[in-house]
Every structure is written in C-alpha cells, then in structure tokens.
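Chains, contacts and geometry: an overview
The lines below spell out each chain.
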Amino acid sequence: MKEIKKILCAVDLSEHSKDVAAYAVTMAKGFGASVTVVYTAPSLSQYVGFHVPPNTIENFVGEIVTGAEKSMEAFVAENFAGVEARGQVLIGYAAEEILNRAHEEKVDIIVMGTHGRKGIDRILFGSVAEKVVKNADMPVLTIRPSSEQVTRKP
C-alpha cells in the first residue's frame, strides 16, 4: 500500500462535515499524515450577464468567502485537534477546485462527504463527490451521511 502522508479533506461546513473530519483525523493519526481542509465557495461569475452588476456579485462572493474563512478557522480548531491541519477556502466549481488543490498539494488521498441525494435532487444538483471520484488519480474516501442527516433539509 502506498504511504499516506498528505490528506485533503473536502467539507461543506454542514453538520455532516464533522463526520467527514473524524475519518480524516483518524487516518491522519494512524498514518502520521497532515491534513489540508478545504471548502469551496461558488464564484457566481456566471450571473454577471443577468442584469446584476459585477461589483455586486464580487461583493457578495467576498462576504461569502470572509464568512467561510471564519467558519473554517473554527471548524479546523474544533475538529482537527491533535493533527497537523490547515484550512483553506477556495472559490469556484467545487469538484474542479478540489481536484486542482489535490494535485497542487500532491495529496495521497481525498476524504469527502456525499449528500446522499437521490432521484430528481441528484439529477438537478449532480454530485461533487461523484465527479471527484471519477476524475481523481488518487484514492477518494467518501463518507455518506447517516439516514437522519439525509432526511434533514438545510
């Protein structure tokens, strides 16, 4: 088995992210690995042409990123005690950004959650986890939410 020294843990900062973090922490402790925790904020650049001034969208994205950075700092402090971990907020399309960061960081494995969507929700929203699994050239561990988390709507 390949040595695991760098883990990328992709989270959406939902309640399920704590479960995903727990797996990443267990692996990091077991392998003596470091963890890069990432959250991807949407860029919203595709909405510039819809009668929305670009500066309004940029301000909104800036607020999302600022809030996400504060949430990420608290999330890492609360969930990654005892391991070398750092949080990063990325901007763009989640699957693409996760894969880009995994390559930039030369990670050995990606740990991420799935939303457990089914039916029309899955068709409409797609699956970031599925796209990462299909396109990653390193192992991807996906953590499915418990059944009670799947039925709860945010």
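Conventions used here
Residues numbered from 1 in each chain as written. Predicted model: local features only at pLDDT ≥ 70, side-chain atom pairs only at ≥ 80, totals over all residues. Heavy atoms only, no water. Helix = DSSP H or I, 4+ residues; strand = E, 2+ residues; numbered from the N terminus. Buried < 20%, exposed > 50% of the residue type's maximum accessible area, 1.4 Å probe, protein only. Contact = heavy atoms within 4.5 Å. Areas by Shrake-Rupley, 256 points an atom, 1.4 Å probe, with all protein chains shown as cover. Salt bridge = Lys/Arg side-chain N within 4 Å of Asp/Glu carboxyl O. Core = buried A, V, L, I, M, F, W, Y, C linked by side-chain atoms within 4.5 Å. Pairing = 2+ DSSP bridges. Axes fitted to C-alpha atoms, helices over the stretch in contact; angles between N-to-C directions.

When helices and strands are tallied, the chain shows six helices and five strands. Listed N to C, the secondary structure of the chain is β-α-β-α-β-α-β-α-α-β-α in terms of helices and strands. Buried residues in the chain amount to 41% of all 154 residues. The contacts in the chain between residues at least 6 apart in sequence include a share of 77% that link residues at least 24 apart. Here the chain displays about 9,200 Å² of accessible surface, and carbon together with sulfur accounts for 54% of that area.

What follows is about unusual backbone geometry. Here the phi dihedral of Leu 13 falls at roughly 65 degrees; this positive angle occurs in a residue that is not glycine. Of note, Leu 13 is situated in the loop between β1 (6-10) and α1 (16-31). Notably, Lys 106 is not glycine yet its phi reads approximately 55 degrees, a positive angle. When its relative accessible area of 64% is taken as the criterion, Lys 106 is described as exposed.

Before going further, it helps to examine the pattern of salt bridges. All chains considered together, the criterion is met by six salt bridges. Here Glu 78 makes a salt bridge to Lys 18, at a shortest N to O gap of 3.5 Å. Of this pair, Glu 78 sits in helix α2 (residues 54-79) while Lys 18 sits in helix α1, placing them 60 residues apart in sequence. According to the relative accessible area criterion, Lys 18 is partly exposed, its value standing at 34%. Between Glu 104 and Arg 101 there is a salt bridge, with the nearest N and O atoms lying 3.0 Å from each other. Of this pair, Glu 104 and Arg 101 both sit in helix α3 (residues 94-105), three residues apart, which is roughly one turn of the helix. Look at the salt bridges and you will find they share partners, linking Glu 15, Lys 18 and Glu 78 into a network.

With that settled, consider the nonpolar core. Grouped together as the largest cluster of nonpolar side chains are 26 residues, with contacts concentrated most on Ile 7, Val 37 and Phe 80. Breaking this core down by element, the ones donating at least two residues are β1, α1, β2 (34-41), α2 and β4 (109-113). Sort the elements by how many residues they give to this core and α1 lands first, with six residues. In contact with Phe 80, not counting residues within four places along its chain, are Cys 9, Ala 21, Ala 24, Val 25, Val 35, Val 37, Phe 75 and Ala 85. Counting residues in each nonpolar core, the second largest holds 15 residues, with Val 107, Ile 110, Met 112 and Met 138 among its members.

A word on the sheet that holds β2. Pairing is parallel in the open sheet, where five strands are placed in the order β3-β2-β1-β4-β5. The open sheet terminates on both sides in strands that have one partner only, identified here as β3 (85-91) and β5 (140-143). For this sheet, the mean angle separating the axes of adjacent strands, direction not counted, is 20 degrees. Where β2 meets β3, seven bridges bridge the pair, whose relative direction is parallel. By the bridge assignment, Val 37 is partnered in β3 with Gly 87.

As far as function goes, none of this settles anything; it's purely spatial.
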